[in-house]
Number of protein chains: 2
Amino acid sequence: MGKADIYQVAKEAGVSISTVSRAFTRPELVSAKTRRKVLDVADKLDFNIFRSATALKSGQTYRVAMLMNEEITSWFNTQTFAGIESVMHPAGYDISLFQHIDTAANRHEFFTDLPIRRNVDAVFVASFAIDPHEVEQLQRIHVPIIGINTPSSEGFDATISIDDEKGMYTAAQHLINLGHKHIVYPCSEAAGLDSSIDARAQGFINACKDAEGKHDINWEVLSVPRGTAFADSALSALLAMDEFPDAICCQMDMMAIPLVLKLERYGHRTPRDYSIVGFDDSPYADTINLTTMRQDPYAMGRAAANKALTLISGKTLYDPHEVLEAQLVPRSTDIPFGEMA
Amino acid sequence: MGKADIYQVAKEAGVSISTVSRAFTRPELVSAKTRRKVLDVADKLDFNIFRSATALKSGQTYRVAMLMNEEITSWFNTQTFAGIESVMHPAGYDISLFQHIDTAANRHEFFTDLPIRRNVDAVFVASFAIDPHEVEQLQRIHVPIIGINTPSSEGFDATISIDDEKGMYTAAQHLINLGHKHIVYPCSEAAGLDSSIDARAQGFINACKDAEGKHDINWEVLSVPRGTAFADSALSALLAMDEFPDAICCQMDMMAIPLVLKLERYGHRTPRDYSIVGFDDSPYADTINLTTMRQDPYAMGRAAANKALTLISGKTLYDPHEVLEAQLVPRSTDIPFGEMA
DNA sequence: TTGAAAGCGATACCAC
DNA sequence: GTGGTATCGCTTTCAA
């Protein structure tokens, strides 16, 4: 049966174990005939190189860690993970996932135990606020650390981020330029964990402040509790306002999409009655024709993984820290103030 | 620095490497004082057990493979992956992902090379039609094989599935019981890859055939091309019909949700003008109040992973093959035929 | 082009 | 409760 080791293959093929090894990992050092024979025997005996042994010998682990806020099931995390996977897998790496590095308890446990120490060849930190002390702890594992949408690049060997603040500044400015007078930003509290949330809110605030001299606008940030029902909370808050706004600027599509769909049931229809822009260009944004700011976390994951491979191989990055810009995707939930019903 | 090995830790702590090893993996065999000392030294030297060595010694790999159709970014795949991860990670396993085991070329490559042979402790096969020959190939790696929504349990050590056919039978029957007369099932072609698609279509057909004697119904399957725009294709096909149906039965929410949203732009509003039910209870189904058949792939992933752990540990499963039923989630896209406008 | 042998780091059996 | 040591499977240098 099929638990042959390298010695059995060597014996059956009439060669040494060195040759078997080479037939798999350094084919060019073995004659074509010998190689053919070894591989045939190996296949017959269900033999394959045992990567754990290779790992031991080489000191590499062929694993990388990915740390994230919350669950992998969120759109951003899934896309980023898929992007990293798409380049790390072909390169022979598995991804060891650490979800929910969010609560104080989880963080403390992770950063003091450092279970990944000596067990991964690189670490990806996806979109969460990590404090300087934690970065310092991470550095103790002595492997490349790559940040994706981290608030700072301090302590990271490489980072790739979108400029959330600028992106949201652009979105808000777009609504202002359309002539809107009363702009609301429903904002779920970030609890200091998701760095993007804070940066986006700041971008909105900055755009409004900058416009205050030139435009006659009335703007406000509507804080709603964090949680799974944040969109419903925002809905309630909006419906409870003295006067319904003429524009809504959303921190993410997952806020904007439910609002568009549910506000309609209360007689508020976009773009007839109000303009709205989202952020992310996540699923169904196109279906409902939501104007939004697009970011591409899959591409960011790929870029981050390529940086990691370069660093793992001991090379230097030409461009370790990259900042991308979100792009406005004009669809049809926004019209000039003057054209509204 | 910071690359201390077990010998340095032993030396610094004044013990043998056996004791260092035990301090980490068999704490109960070491005196509390010695253990404390060893762990302190280890922390100071940034030492940790090197899992690749453990793996070599034990013959385990602490990796499992997950094979899937298409990308991990689909709702079903993400949920299933997250479920598996939620039990495998705490148990010390990483998941090695193999996406796109769908095209003939990819399948052939995977099943003949069998890159996972000897390199994983278990294999999960998520929701795709795998033929008997392929299962046979998989068995050559001599580890437990666990299927999730596979069309057959033949050759698998364990399986967990929902009864797609019965679920869709229920959905169709529900529409029939509401008195609908003209029921359409928009169906993207499955190309023999996604086993659920075929089973669901069959469930719809069976329900309609069974009802033909008792009810005066007119039903049809509307085949639309596979691809990213399958919902738009279905939309076109529906709008091109001589007479718009009074009920639509969808293979998945990702078909139903765009239809509900876009048909409205053409004057067809649910439930006023037609009833519609989806399948999956995936994101935004609740937001638009879609009546649908719920399945829980996260829970299936967890169950599959628990089965895997049992099998890996050499135990026998009491109940290797489980079939779950999708549950009708009544919301408000369906009303009795008689109450329609 | 191929073979012999040392060694990667942890584990577990066997002594003490 | 602790230490010595053979061993897991592969890679790689050195020799032939």
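The rules behind each value
- Residue indices begin from 1 for each chain and proceed along its sequence in written order.
- In the order they appear in the text, chains get letters beginning with A and ligands get numbers beginning with 1.
- Two thresholds apply to this predicted model, a pLDDT of at least 70 for residue-level local features and 80 or more for giving and counting side-chain atom pairs, whereas whole-chain, interface and lining totals are computed over all residues.
- Hydrogens and water are ignored here; the side-chain numbers use all heavy atoms of the structure.
- Here a helix means four or more residues in a row that DSSP labels H or I, a strand means two or more in a row labelled E, and each is numbered from the N terminus.
- Buried residues are those whose accessible area, probed at 1.4 Å on protein chains only, stays under 20% of the maximum for their type, while exposed residues exceed 50% and partly exposed ones sit between those limits.
- A cutoff of 4 Å decides nearness: a residue is near a molecule or strand if any of its heavy atoms lies inside that distance of it.
- For this analysis, a polar contact is any N or O atom pair within 3.5 Å, provided that within protein one partner can donate a hydrogen and the other can accept it, and provided that sequence-adjacent residues contribute only side-chain to side-chain pairs.
- Three residue categories are used. Nonpolar comprises Ala, Val, Leu, Ile, Met, Phe, Trp, Tyr, Cys and Pro, charged comprises Asp, Glu, Lys and Arg, and polar comprises the others, including Gly.
- UniProt positions are given in the numbering used here, feature names are shortened, and annotations may be inferred rather than shown by experiment.
- Classification of ring pairs uses Phe, Tyr and Trp, with its six-membered ring standing for Trp, and accepts pairs whose centres are within 6.5 Å; under 30 degrees between planes counts as stacked, over 60 as edge-to-face, and the remaining range as tilted.
- In this entry, domain limits derive from an automatic or database-based domain assignment.
- In this description, contact between two residues means that some pair of their heavy atoms is separated by no more than 4.5 Å.
- Computed with a 1.4 Å rolling probe, the buried area is the accessible surface lost when two parts are put together, summed over both parts.
- Salt bridge, as used here, is a side-chain nitrogen of Lys or Arg placed within 4 Å of a carboxyl oxygen of Asp or Glu.
- Alignment of copies: least-squares fit on C-alpha atoms of residues with pLDDT of at least 70 in both copies.
- Residues belong to a common nonpolar core when they are buried Ala, Val, Leu, Ile, Met, Phe, Trp, Tyr or Cys residues joined through side-chain atoms within 4.5 Å.
- Strand pairing follows a simple DSSP-based rule, namely that at least 2 bridges must link the two strands.
- When the strands point away from the viewer, a crossover counts as right-handed if the route from the first strand across the helix to the second turns clockwise.
- To get an axis, a line is fitted to the C-alpha atoms, and for a helix only the part in contact is used. The angle between two axes follows their N-to-C directions and goes from 0 to 180 degrees.

Student: Sorry if this is basic, but what is going on with unusual backbone geometry here?
Tutor: Peptide bonds are mostly trans, and most non-glycine residues show a negative phi. Omega for the bond connecting A:Thr270 with A:Pro271 falls within 30 degrees of zero, at 0°, which places this linkage in the cis form. Looking at the element boundaries, A:Pro271 is found in the loop between α11 (253-263) and β9 (275-280). Phi angles above zero are rare outside glycine, and B:Tyr284 is one such case at about 80°. Relative to the helices and strands, B:Tyr284 is located in the loop between β9 (275-280) and β10 (291-294). Its relative accessible area of 12% is what places B:Tyr284 among the buried residues. With a phi angle near 60°, B:Asn289 is a residue other than glycine that sits in the positive phi range. Summarising the element assignment, B:Asn289 is placed in the loop between β9 and β10. Taking relative accessible area as the criterion, B:Asn289 reaches 25% and is therefore assigned partly exposed.

Student: Can you help me understand the protein's contact with DNA strand D in this one?
Tutor: Inspection of the region around DNA strand D gives 27 residues, with A:Ile6, A:Ser21, B:Thr19, B:Thr34 and B:Arg118 positioned closest. The sugar-phosphate share of atoms of DNA strand D within 4 Å of the protein amounts to 59%. Taking B:Thr19, its side chain carries an N or O atom lying 2.5 Å from a phosphate oxygen of DNA strand D. Looking at the surface near DNA strand D, the elements that each hand over two or more residues are α2 (17-25) and α4 (51-58) of chain A together with α2 (17-25) and α4 (51-58) of chain B. The leading source of residues in the surface near DNA strand D is α2(A), at five residues. Of the residues assigned to the surface near DNA strand D, the class counts are 10 nonpolar, 11 polar and six charged.

Student: Just to check I follow, could you spell out the UniProt feature "domain: HTH lacI-type" (unreviewed entry) in chain A for this structure?
Tutor: Under the present numbering, the feature "domain: HTH lacI-type" (unreviewed entry) in UniProt falls on residues 6-58 of chain A. The span residues 6-58 of chain A shows a helical share of 72% and a strand share of 0%, and its end C-alpha atoms are spaced 18 Å apart.

Student: When you look at the protein's contact with DNA strand C in this model, what are you seeing that I'm missing?
Tutor: Near DNA strand C you find 28 residues, and of these A:Thr19, A:Thr34, A:Arg118, B:Ile6 and B:Ser21 are the closest. A share of 56% of the atoms of DNA strand C within 4 Å of the protein falls on sugar and phosphate groups. A:Ser16 has a polar backbone atom sitting 2.8 Å from a phosphate oxygen of DNA strand C. At a separation of 3.2 Å, a phosphate oxygen of DNA strand C approaches a polar backbone atom of B:Phe50. Every element with two or more residues in the surface near DNA strand C is listed here: α2 and α4 of chain A together with α2 and α4 of chain B. In terms of residues, the surface near DNA strand C owes the most to one element, α2(B), which gives five residues.

Student: What exactly am I supposed to notice about the packing of aromatic side chains here?
Tutor: Any aromatic ring pair is given by two values, namely how distant the centres are and how the planes are angled relative to each other. This structure, assessed with the given rule, holds 16 aromatic pairs over all chains. Arranged with centres 5.7 Å apart and planes meeting at 80°, the rings of A:Phe244 and A:Tyr274 form a pair that is edge-to-face. Of the two residues, A:Phe244 sits in the loop between α10 (230-239) and β8 (247-249) while A:Tyr274 sits in the loop between α11 and β9, which places them 30 residues apart along the sequence. Of the two residues, A:Phe244 and A:Tyr274, both sit in the buried class. Relative to B:Trp219, the ring of B:Phe204 has its centre 6.0 Å away and its plane inclined at 80°; by these criteria the two rings are edge-to-face.

Student: For this particular structure, what's the right way to read the domain arrangement of chain A?
Tutor: Where the parts come together, the accessible area they lose is often given as the size of the interface. Residues and elements named next belong to chain A. By domain assignment, chain A separates into domain 1 (6-49), domain 2 (61-162 + 297-324) and domain 3 (164-295 + 328-339). Inter-centroid distance (C-alpha atoms) of domain 2 to domain 3 is 30 Å. Counting residues at the interface gives 15 residues for domain 2 and 13 residues for domain 3. When the buried surface of domain 2 facing domain 3 is broken down by residue, Trp75, Ala129 and Ile162 rank first, second and third, together holding 52% of it. Linking domain 2 to domain 3 there are one salt bridge.

Student: For this particular structure, what's the right way to read the pattern of salt bridges?
Tutor: Pairing between side chains becomes possible if they bear opposite charge and their charged atoms approach one another. Evaluation of the coordinates by the stated rule reveals 33 salt bridges over all chains. A:Asp94 is the partner of B:Arg63 in a salt bridge, and the nearest nitrogen-oxygen pair spans 2.4 Å. Taken as a pair, B:Arg63 in strand β1 (residues 63-68) and A:Asp94 in strand β2 (residues 94-98) lie in two separate chains rather than in one. Residue class for B:Arg63 comes out buried when judged on its relative accessible area of 4%. Here B:Arg294 and B:Asp281 are joined by a salt bridge, their closest N and O atoms 2.8 Å apart. Placement of the pair is B:Arg294 in strand β10 and B:Asp281 in the loop between β9 and β10, with a sequence separation of 13 residues.

Student: So what exactly am I meant to see when it comes to the relation of the copies chain A and chain B here?
Tutor: Placing chain A over chain B gives an RMSD of 0.1 Å and needs a rotation angle of 180°, together with 0.0 Å of translation along the axis. Taken together, the rotation and translation describe the operation of a two-fold axis. Closest approach to the rotation axis within chain A is made by the C-alpha atom of A:Ser52, at a distance of 2.6 Å. Of the residues that chain A buries at the interface, 98% are likewise interface residues in chain B, meaning the two copies contact each other through the same surface.

Student: Can you help me understand the side chain of B:Thr61 in this one?
Tutor: Along the chain, B:Thr61 falls in the loop between α4 and β1. Under the relative-accessibility criterion, B:Thr61 is labelled buried at 2%. Dropping the residues within four chain positions of it, B:Thr61 is found in contact with A:Phe50, A:Ser52, A:Arg63, B:Ala55, B:Arg118, B:Asn119, B:Val120 and B:Asp121.

Student: What exactly am I supposed to notice about the nonpolar core here?
Tutor: Within soluble globular proteins, side chains that are nonpolar generally end up buried alongside one another. Formed by 101 residues in total, the largest nonpolar core has its most connected members in A:Phe124, A:Cys249, B:Phe124 and B:Cys249. Those residues in contact with B:Phe124 that sit more than four places away from it in its chain are B:Val64, B:Ala65, B:Met66, B:Leu67, B:Ile84, B:Ile146, B:Ile148, B:Ala304, B:Ala305 and B:Ala308. Core analysis: the next-biggest nonpolar cluster, separate from the first, contains 54 residues, A:Ile248, A:Ala256, A:Ile276 and B:Ile257 among them.

Student: Would you mind going over the interface of chain A and chain B with me for this structure?
Tutor: Counting residues at the interface gives 57 residues for chain A and 57 residues for chain B. In total, about 4900 Å² of surface goes out of reach between chain A and chain B, with carbon and sulfur atoms giving 49% of it. Summed over the three residues of chain A that lose the most area to chain B, namely A:Phe50, A:Arg118 and A:Tyr284, the buried surface amounts to 15% of that side. Here chain A and chain B share seven salt bridges between them. Of the charged contacts, one joins B:Arg117 and A:Asp43 as a salt bridge, the two residues approaching to 3.3 Å between their closest N and O atoms. Where chain A meets chain B, there are 30 residue pairs in polar contact (both at pLDDT 80 or more).

Student: Can you walk me through the pairing of β9(B) in this structure?
Tutor: The side chains of a regular strand alternate, first on one face of the sheet and then on the other. Residues and elements named next belong to chain B. Across the six residues of β9, six count as buried, placing the element largely inside the fold. Here three bridges tie strand β8 (residues 247-249) to β9, and the two strands are oriented parallel to one another. Across the sheet, the residue bridging to Ile248 is Ile276, located in β9. Tracing the backbone out of β8, into helix α11 (residues 253-263) and back to the parallel element β9 gives a crossover that is right-handed. Two strands pair when backbone bridges link them, and β9 and β10 are joined in this way by four bridges, in the parallel orientation.

Student: Please explain the sheet that holds β9(A) as it appears in this structure.
Tutor: Sheet strands associate in pairs through backbone hydrogen bonding, adopting either a parallel or an antiparallel arrangement. Residue and element names in this part refer to chain A. The strand order β7-β6-β8-β9-β10-β12 describes an open sheet built from six strands, whose pairing is mixed. Edge positions in the sheet fall to β7 (218-224) and β12 (327-329), since each has one partner strand and no second. Between one strand and the next, the sheet's axes are offset by a mean angle of 20°, whatever the strand orientation. Against the sheet, α11 makes contact with β6 (182-188), β7, β8, β9 and β10 (291-294), and its axis sits at roughly 150° relative to β9, the strand it touches most.

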